[in-house]
Amino acid sequence: MATLDIQQIDLGGLEPSYVAAAELGDDFVNDGEVFFHAKKSTAGDVTLTFDSVLACNQGFDHDLEVTLPGEGEILVGPFGKRFNDENNKVGVTYSAHGDVTVAAIRL
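Draft legend 1. View of the overall build of the protein. Helix and strand counts for the protein come out as 0 helices and 10 strands. The order of helices and strands in the protein, counted from the N terminus, is β-β-β-β-β-β-β-β-β-β. Rg of the C-alpha trace for the protein: 13 Å, near the compact-globule value of 13 Å for 107 residues, within the 12% margin. Considering only C-alpha atoms, the protein reaches an extent of 40 × 35 × 20 Å along its principal axes. A total of 107 residues make up the protein; the buried ones form 35% of that total. Considering only residue pairs separated by 6 or more positions, the protein has 74% of its internal contacts joining residues 24 or more positions apart. Carbon and sulfur atoms form 51% of the exposed surface of the protein, whose accessible area is close to 6000 Å². Across the protein, 6 positive and 18 negative side-chain charges occur, with their mean positions spaced 4 Å apart.

Draft legend 2. Representation of the packing of aromatic side chains. Under the criterion given, the structure shown has 5 aromatic pairs. Ring centres of Phe50 and Phe79 lie 4.9 Å apart, and the angle between their planes is 45 degrees; this geometry places the pair in the tilted category. Placement of Phe50 in strand S6 (residues 46-50) and of Phe79 in the loop between strand S8 (73-76) and strand S9 (89-94) is noted, with a sequence separation of 29 residues between them. Of the two residues examined, Phe50 and Phe79, each falls in the buried class. A network of ring pairs unites the aromatic residues Phe28, Phe36, Phe50, Phe79 and Phe83 as a single cluster.

Draft legend 3. Looking closely at the side chain of Asp27. Relative to the helices and strands, Asp27 is located in strand S4 (residues 26-29). No salt bridge forms around the buried Asp27; measuring N to O, its nearest opposite-charge neighbour Lys89 is 4.2 Å away. In this structure, Asp27 is in contact with Met1, Ala2, Thr3, Leu4, Lys89, Val90 and Gly91, ignoring residues within four places of it in sequence.

Draft legend 4. Layout of the sheet that holds S4. Spatially, 5 strands are ordered S1-S4-S9-S6-S7 in an open sheet, and the strand pairing comes out mixed. The sheet is open, and its two edges are formed by strand S1 (2-3) and strand S7 (64-68), each paired on a single side. Summarising the sheet, S1 and S4 pair through 2 bridges and their orientation is parallel. In the sheet register, Ala2 faces S4, and the bridge partner there is Asp26.

Scoring rules and cut-offs
- Residues numbered from 1 in each chain as written.
- Predicted model: local features only at pLDDT ≥ 70, side-chain atom pairs only at ≥ 80, totals over all residues.
- Heavy atoms only, no water.
- Helix = DSSP H or I, 4+ residues; strand = E, 2+ residues; numbered from the N terminus.
- Rg over C-alpha atoms; globule rule 2.2 N^0.38 Å.
- Buried < 20%, exposed > 50% of the residue type's maximum accessible area, 1.4 Å probe, protein only.
- Contact = heavy atoms within 4.5 Å.
- Areas by Shrake-Rupley, 256 points an atom, 1.4 Å probe, with all protein chains shown as cover.
- Lys, Arg positive; Asp, Glu negative; His and termini not counted.
- Charge placed at Lys NZ, Arg CZ, Asp CG, Glu CD.
- Phe/Tyr/Trp six-rings, centres within 6.5 Å; stacked < 30°, edge-to-face > 60°.
- Salt bridge = Lys/Arg side-chain N within 4 Å of Asp/Glu carboxyl O.
- Pairing = 2+ DSSP bridges.

Written as structure tokens, this is what we have:
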């Protein structure tokens, strides 16, 4: 699992840089203002699974699954503290990682 650098958005703008999605997944430090941006350059949807560590406000501990469309992109977040592990990191895995690039962006 690779740890993504957080990129800060500000009034000057941000041209995010992307890295290849790691085969075993990625993680990033979360302070409640971080978004996850993923892009796929070829056909075929990919499921992104964000690991929930604590129960939601309904009392259930369930992961968040979102679909990254083929030849598309998705922006997910911000993430509540229930997704933070003991190191305040959110973990994400991919049903397939080929042709997927990702970035963690802080508002």
